[in-house]
Amino acid sequence: PVLALKSQTYTGKTKGLSVRRGLVISQFAGAQMLVLVTMIMINQIRHFRDRPLAFDPETIVLIPSLRGNDNQQHDKLSQELNSVSGIVNYSFGNVGNGGMEFYKNERVRHPGIISYADTTYVHMFNTTLLAGSNLSYDLGNVSSEVLVNEALIHELGIESSALAIGYIFTLN
């Protein structure tokens, strides 16, 4: 009678795991996995929030500019920005707006984001170049010069940053 009140029945010796025990064990394992994944996510979010940046984001204002420099717009705006006290540095660009595909081989395309920036962009964000040099002031080379990040280098299958110099790929 006590076993019946506890919702247990005595059937003698049981072989293996019952369905009930299997469900309890799988529920416990699932709960442990959720706790572990939650702890990992908390650590990742904390890392993204507290990671050291090469610049102070509170001092940066991004002003979107046009891709081109028709009617010397950048020069006119540069003169105005230079006359404002408190502005230490500025850069013209259109950062992170264009979705593109990068490829060397037509059959293997890699999605990415293209940004247009001027020669002061690298200095303003205290970016360290792993290989090569900053963008040129020479307007004849503007269409053939690019700066790429490490993620694109790895995505294109280039072994090192130094090997990316002179690498020709297509934007679509």
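Residues numbered from 1 in each chain as written. Predicted model: local features only at pLDDT ≥ 70, side-chain atom pairs only at ≥ 80, totals over all residues. Heavy atoms only, no water.

**Q** Before we move on, could you go through the overall build of the protein and cite the residues and values that matter?
**A** Helices and strands together make up the secondary structure of the protein, namely five helices and three strands. Listing the helices and strands of the protein from first to last along the sequence gives α-α-α-β-β-α-α-β. Within the protein, buried positions represent 12% of all 172 residues. For the protein, long-range pairs separated by at least 24 residues make up 42% of all intrachain contacts whose partners lie at least 6 apart in sequence. Split by element, the accessible area of the protein, about 14,200 Å² in all, is 59% carbon and sulfur. (Helix = DSSP H or I, 4+ residues; strand = E, 2+ residues; numbered from the N terminus. Buried < 20%, exposed > 50% of the residue type's maximum accessible area, 1.4 Å probe, protein only. Contact = heavy atoms within 4.5 Å. Areas by Shrake-Rupley, 256 points an atom, 1.4 Å probe, with all protein chains shown as cover.)

**Q** Tell me what's going on with a nonpolar patch on the surface, and back it up with residues and numbers.
**A** A contiguous nonpolar patch, built from Met33, Leu36 and Ile40 and spanning about 290 Å² of accessible area, is present on the exposed surface. When you line up the elements, Ile40 lands in helix H2 (residues 19-50). (Patch = residues over 30% accessible without salt bridge, like charges linked within 9 Å, V, L, I, M, F, W, Y side chains within 5 Å. Salt bridge = Lys/Arg side-chain N within 4 Å of Asp/Glu carboxyl O.)

**Q** Can you break down the environment of Thr170 residue by residue, with the values?
**A** Looking at the element boundaries, Thr170 is found in strand E3 (residues 170-171). Looking at Thr170, the relative accessible area reads 35%, which means it is partly exposed. Linking Thr170 and Met100, residues 70 residues apart in sequence, is a C-alpha distance of 9.9 Å. Not counting residues up to four positions away in its chain, the partners in contact with Thr170 are Glu101, Phe102 and Tyr103.

**Q** Can you tell me about the nonpolar core, naming the residues and giving the values?
**A** Listed in full, the six residues of the largest apolar core are Phe102, Leu152, Ile153, Leu156, Ile158 and Ala164. Those residues in contact with Ile153 that sit more than four places away from it in its chain are Val148, Ile158, Ser160, Ser161 and Ala164. (Core = buried A, V, L, I, M, F, W, Y, C linked by side-chain atoms within 4.5 Å.)

**Q** Account for the pattern of salt bridges, naming residues and giving values.
**A** Side chains that differ in sign of charge can pair as their charged atoms come close. Under the definition given, this model contains one salt bridge. One salt bridge connects Asp50 with Arg49, and the closest N-O pair in it is separated by 3.4 Å. Residue class for Arg49 comes out exposed when judged on its relative accessible area of 59%.

**Q** Any details on helix H3 (residues 73-83)? Residues and values, ideally.
**A** For H3, the complete set of buried residues consists of His74, Ser78 and Leu81. Buried residues along H3 cover an arc of 70° about the axis, so they all sit on one side. Residues Lys76, Gln79, Glu80 and Ser83 are exposed on H3 and point more than 90 degrees away from its buried face. (Arc of directions from axis to C-beta.)

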